[in-house]
Amino acid sequence: MTEPTIVPIDLAVVGHTNTGKTSLLRTLLRDPDFGEVADQPGTTRHVESAQLLTEDGLPILILRDTPGLEDSMAVLDAVDRLVGPDERPDGPERIRRLLESPEALQRFEQEARVLATVLECDAALYVVDVRDPVLAKHRDELGLLAACGRPILPVLNFTHSVNGQSDAWRDALARLGLHATVDFDTVAPALDGEAQMIDRLALMLDRRADTLARLRADLESQRLRRRVDAARLIAELLMDAAALRLLCPQDSTDMATVTVSLRKRTREREQQCVQALLKRYRFSRATFPHHPLPLEGERWGMDLFNPQALKAFGIQVGKGLATGAMAGATIDAFTGGLSLGTATLLGAAVGGLWQGAHQWGKRLIGRVAGHLEITVDDPVLQLLGLRQLALARALERRGHAAWQPIDGGTLTPPAQALDTEGEGATRAAQGALLPEAVWPILREARGHPEWSSIGVAPVADPRRDVLVARLAALLDAAL
Amino acid sequence: MTRHATHSKPDSPFLRHWLAEALRLRETQREPVDDTAELDAVLQGPAGLDERILRRAALLGEREGLRARLVRWAASARLALILLWVMALFTGMGTAAAALGAGDRPVNLALALLALLGLHAATLLIWLLSFLPGIVPSTGLSGFWLWLTAKFARGPDAALAGQALASLLTRARAWRHILGGISHGAWIAAFVGALAALLMLLSTRRYAFQWETTLLSPDAFVAMAHALGAVPAQLGFPIPDSAVIARSDGLHILPAAAQAQWSAWLIGCVVVWGLLPRLIAGLASVWVARRRLRSLRIDPGLPGWLELRERLMPRHQALGIDAPAPGPAAGAPWSRPAPAAFAGALAILGFELGAQAEWPPAPLPNGVRDMGLCDSRGDRRRILDQLRQPPRRLLLVCDARQTPDRGTRAWLAELQGLCPRIDMLLLHRPGREAIWHAALDAQGIAATPSIAHWADADPPPDHD
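As the structure is a prediction and not an experimental result, all values here were calculated from the model. Numbers given to residues run from 1 along each chain, matching the order in which its sequence is written. Labels are handed out in written order, letters beginning with A for the chains and numbers beginning with 1 for the ligands. Owing to the predicted nature of the model, reporting of local features is limited to residues with pLDDT of at least 70; listing and counting of side-chain atom pairs is limited to 80 or more, with chain, interface and lining totals taken over all residues. Neither water nor hydrogens contribute to the side-chain values; these are computed over all heavy atoms in the structure.

1. Comments concerning the overall build of chain A
- Tallying secondary structure elements over chain A gives 16 helices and nine strands in all.
- Within chain A, the fraction of its 479 residues that count as buried is 55%.
- When checking whether two residues touch, look at their non-hydrogen atoms; a contact exists if any pair is within 4.5 Å. Across chain A, every contact between residues at least 6 apart in sequence was considered, and the portion connecting residues at least 24 apart equals 75%.
- Accessible surface, chain A as shown: approximately 20100 Å² in total, 55% of it carbon and sulfur. Secondary structure is summarised from DSSP: a helix means a run of H or I of at least four residues, a strand means a run of E of at least two, and numbering begins at the N terminus for each. Note on classification: 1.4 Å probe, protein chains only; a residue is buried when its accessible area is under 20% of the maximum for its type, exposed when over 50%, partly exposed between these limits. Note that accessible areas follow from Shrake-Rupley with a 1.4 Å probe, and for residues the cover is restricted to the protein chains shown.

Set out below in C-alpha cells:
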C-alpha cells in the first residue's frame, strides 16, 4: 500500500450522567441507531466505540461513548484514601492507583471504565447539559478527568434550549482552566458545528493537526455531497412532475378521474422523494418507532393540492385556478407539446372557468378539437420544489439525536405564512420562490411526457439527463 | 446454489451494468429490495462505490432471478435479431427476383435499380440526417427488433430488461449506434440476399436489359450509367460503352456480351451503392458502440443509487463495547439500619441546588432546624458531622430538573443510615419528577408537596 496510513485520533466522550453523550455520538456519526438513548440516568453502562472513516474507508477518528460519571465525590474520596500522607503522586498515577484498587471493580465500576478509557485516549470531550446548574459534583468530575492528564474539550449541549445556562457554564469551566469550549446542540447542531469542534481540538492536539485538517476537509466534502445529492433528488422530482401528462377524454367525469390519477401519481412521487431525502441524510422512519414522521400523505401538514398549502408557501395563484375538481391540474389541448404557450393559456382559462360554471368550461373545451391532456399546474410545481428544499434544509440542520418528528408546519418559511395579493414577484427576488431559471427547463419538460418516470411510458433520453443536471445545479444554489 | 454452477466464469462488465440498471429501475419503480444479507457481503468486498453498486446488483440479481431473466431476454434478443436478418435476407432475394422479373420481358434498368436501392437510399439518408442536432433518430427496423424481442421474451421483468438496456445504453451514448448497427445489419443481409439472387438468376436465365423514356433524352441514360458505374469500375465492374448504352433502348438487337456487361454493371451498382455504404455505416456503428460500451460508468447520482451511498460507503464503523455492563445497579448494599436513638426534632437540608439557589425556598416553620445547602464534598463532611445528633425527621430539598444519579442515591443511603426518617421535597417540578420518584421508591423515601405540609404531618415517634 502506497497510501500513507492515518493513525486515527482517539476521543473519549465523557460527562455527567444523562447529558447526551450517546446523542453526541449519534449526531457525529450520523447514525440514529447508535447506542441507547433515554432520559434516564445510567442508560449507557459500558464503553461503546465507533470510528469515522474517510472517503477511502480508512479510520480517522475513534469516538468512545462512556457511561456517565455519577459518583465523582465518592471517587475523589477514595483517591484521597489511596494516597499516603507523605506522597505527592501526579494525576495519572492517582488514577492508576484507583483503577488497581478493589473498589474499581465494585462501587466505582462505571467510573473506573470511564477513567481507564480517558487514560488511553488522545483527548476527552466533556459533554455538558447547559440546562443543568453548575454544581460541585461537576467540578469534582472535571477534577477527576483532569487528573488523567489528557486535554479536555467541554461540549455545551442543548444550547438552543430556553433555560440554558451557557454563560454560567463557560464561566465555571474557565475557573477550572478550561477556556476553550464548543457549542454543539446534538438535536439542532450548527452547520459548521463539527468544523468548530475540530478547530478547537486542533489547538489542543497540535501534533495531530494534519489528521484533524484532513478530517475537517472530509466532513465538509461529505456535507457538500449530501447537498448536491439532495438537489439532484429534487430536480428529478420536478422533472417527473413537470413532464407528467395524462390523456383525457372530454367528458367531465372522466376528466375528474384522470385528475385524481394525476394527483395520486404526483403525491406518491413526492413521498418517494421525501423517503429518498431521509435516507440520504441517514434519517429513517425506524428511528422514530413511537413518533412516525408526519410526512406521509395528509400528515405532511398540508396536502400538495390544497390551495392552503400553496398560500402557506407564498405562492401566488389565480382565484379560480387552484380550486374545484381540477385543482392543481392544467388542461392542455392535445398538441403533442408543440404549441404549449397557447395550450397552457387555454388550460388556465379553462381552469379559471371551472369554478361554479361547468357548462362554460364544457363549452370552451368542446371547441377544442381532439383530446385533452392534463398536466400539473405551475403553482403545484413551485410548491413541490419549495417543500422539498425546505425539508432538505431541515434535515441538514437536524442532529441524529433528535427525537421530535419534523413538523410539516415548521418547514414553512415563517415570513411567508400569509400571502397577500401581488407579492409573488417580490418573493421571487427575495429567493423565497424557486429561481426563475428553472421555469424554462420545466417548460421544456412539459413538452416531453416520455421524460416523466411516473408517466405512461417513460423513455430514456440524454436531453433529460442534461436538463436534470442543470436543474440540480440551480436547486443546489438555492439550498 | 446450483445456479452458481451454471456460470462459473465472471459476468462481462456489460451484463453487470445491465443488471445494475435493471435493479435500479425496479427499485425506483417499485420498492427497494431487502438487501441485509447481501449488504454484508458487499461491505466485505473491495471498496469503491461503483464496484459496490455492481456487486450488490450482482448478488441481488442472482437471488431475485433477475440475472437469469436478463440472460433469457438477451437470448430472445439474439433470436429476434437472427429472425430479423433472415427475414431481411429473404426479402432482399425476393426484391431482386421481382426487380428482374421472370425473364419474359426485358428488364427496365432504371426501375430495377430503384427497386433494389430506392428504399435503402431513403432510409440511409434519414439515418445520416438523424446526426444533425435536434433530430430524433428514427427506429424503424430496430423498433421492429425490439417488438420482436418483446414477443419472444415474455414473463416477469421482460419489459424491465428492455427498458434497462435502453436507459443504460442511452446514458452511455451507445443506444443509437446499436440500433443503427442492427438496422444496417438487416440491410446488409438484404443486400447479400439480393446479390445472391441476382447472381443466381443472371447465371441461370437469359435477361435482356433496356431503358425506356418518354421525357428524357438518351444522353441522360448514358450520363447516368457512367456516373453510377464510375465507382464500381474502380472495383473492376465494367461500364457498357456509350454506344451500347445508347443502343439499349429496346429498339435495337444487342449482342449477348452487351447484356452480360449490363448485368455486371447492375451487380456492381448494388454492391457499391447498396452493400458497401451499409457495411461502412454498420461497422462504424458497431465500432463506436463497442468503444462506448467499454467505458460504461455508474452514475452514483441517479435515483436509486444515490440513496445507496450511505449504506454502501459507510462513513463509520462500530467498534463494539469494552466489556459487558454489570448487572442492574443494586440498591440493596446502600441501605443501612436506621439508628434507634435520635435527638432534636425536624431539620431541612438543600441538596445540590446550585450556588444561586434561594435558600430556604420558603419561610421555615418554628422548630425546624436549617442545615443549609449541601453541594460539595466539604458540605457533605459538615453535614455528616452535624448528623451525629440526628433530627427526628429530615427533609431533603432537591431540584427535580436534575437527574438523580448513583452518587445521589449513595448519599441518600448514607443519610438514611444516620436519620430515622427522611422525606423529599422536589423543587422546579415537573422536571424529571418521574425519574426522582423511581429513585425515591427504590430507596423507601416519601415525597412531600411542600415544607408546610411536611411540618404539619408530624407523625408520632416510631414505637421501636
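2. What about the confidence of the model for chain A?
Residues and elements named next belong to chain A.
- On a range of 0 to 100, pLDDT expresses the predictor's confidence in each residue. Averaged over all residues, the pLDDT of chain A is 76; the fraction at 70 or higher stands at 74%.
- In the model, residues 318-325 has pLDDT below 50 throughout and makes 21 contacts with residues more than four positions away in sequence or in other chains.
- Note on residues 333-369: pLDDT under 50 across the span, and 51 contacts to partners over four residues away in sequence or across chains.

3. Observations concerning the interface of chain A and chain B
- Contacts between the two partners involve 59 residues from chain A, matched on the other side by 52 residues from chain B.
- Once two parts are put together, the accessible area they lose, assessed with a 1.4 Å probe and summed over both, is termed the buried area. A combined buried area of about 4800 Å² lies between chain A and chain B, and 49% of that area is made up of carbon and sulfur atoms.
- Just to be clear on terms, a salt bridge is a Lys or Arg side-chain nitrogen sitting within 4 Å of an Asp or Glu carboxyl oxygen. Linking chain A with chain B are 14 salt bridges.
- Between Lys 137 of chain A and Asp 405 of chain B there is a salt bridge; the shortest N-O distance is 3.3 Å.
- For the side of chain A that touches chain B, the element with the highest residue contribution is helix H8 (residues 209-243) of chain A, accounting for eight residues.
- Any two strands are treated as partners once DSSP identifies two or more bridges connecting them. Relative to strand E3 (residues 316-321) of chain B, strand E2 (residues 48-53) of chain A is paired through five bridges, and the arrangement is antiparallel. Within E3 of chain B, the position partnered with Ser 49 of chain A by the bridge is Gly 320 of chain B.

4. Remarks on the nonpolar core
- Residues belong to one nonpolar core when they are buried, are Ala, Val, Leu, Ile, Met, Phe, Trp, Tyr or Cys, and are joined through side-chain atoms within 4.5 Å. In terms of nonpolar packing, the biggest core is built from 87 residues, with Trp 18, Leu 100, Trp 145, Leu 198, Phe 209 and Trp 262 of chain B touching the most fellow members.
- Among the elements that line this core, the one with the most residues is helix H9 (residues 175-204) of chain B, at 15 residues.
- Apart from residues lying up to four places away in sequence, Trp 262 of chain B is in contact with Leu 109, Phe 209, Ala 225, Pro 240, Val 244, Ile 245, Ser 248 and Leu 254 of chain B.
- Judged by nonpolar contacts, the second largest core, of 50 residues, contains Leu 238, Leu 278, Ala 445 and Leu 479 of chain A.

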